[in-house]
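Coordinate inspection notes
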Amino acid sequence: MAPSSRKGTAIALILLLILIWAGFVASLAQVVGKWPVLVQAVFYLFMGLAWIIPLKPLLRWSQTGRWSKDEQAGE
């Protein structure tokens, strides 16, 4: 069985999300670099995990065609 076009689109969107997020975080390096090392570590830990939040609806959409579990299948 061939994968649906949603899966290919989802992969492209995930890669785009990672590139945009990494560029955003890198653009803050001048400001963050002036912070104490422990604060930087917490910041980068949070930012390194925060990009995962939008993945749940994107992955749900790639599997089911719906963005949220509350949507009705016919809508």
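Our structure is the block above this text.
Residues numbered from 1 in each chain as written. Predicted model: local features only at pLDDT ≥ 70, side-chain atom pairs only at ≥ 80, totals over all residues. Heavy atoms only, no water.

Brief notes about the packing of helix H1 (residues 5–27) against helix H3 (residues 37–50)
The cut-off we apply is this: All axes are obtained by fitting lines to C-alpha atoms, using only the stretch in contact for helices, and the reported angles, taken between N-to-C directions, cover 0 to 180 degrees. To qualify as a helix, a DSSP run of H or I must reach at least 4 residues; to qualify as a strand, a run of E must reach at least 2; elements of each kind are numbered from the N terminus. Here the word oblique covers every angle except those under 35 degrees (roughly parallel), over 145 (roughly antiparallel) and from 65 to 115 (roughly perpendicular). The sense of a crossing depends on the near helix, which, turned anticlockwise from the far helix by less than a right angle, makes the crossing left-handed and, turned clockwise, makes it right-handed. Should any heavy atoms of two residues lie within 4.5 Å, those residues are counted as being in contact.
Orientation of H1 relative to H3, taken along the N-to-C sense of each, is 165 degrees, at an axis distance of 10 Å. Relative to H3, the element H1 is oriented roughly antiparallel. Along this stretch, H1 crosses H3, giving a crossing that reads as right-handed. Residues Trp 21, Phe 24 and Val 25 of H1 touch H3, and the partners they reach there are Tyr 44, Met 47 and Ala 50.

Quick look at the side chain of Gln 40
Note the threshold: Whether a residue is buried, partly exposed or exposed follows from its accessible area with a 1.4 Å probe, protein chains only, as a fraction of its type maximum: under 20%, in between, or over 50%, in that order.
If you trace the backbone, Gln 40 turns up in helix H3. Taking relative accessible area as the criterion, Gln 40 reaches 18% and is therefore assigned buried. Those residues in contact with Gln 40, other than ones at most four positions away along the chain, are Val 32, Gly 33 and Trp 35.

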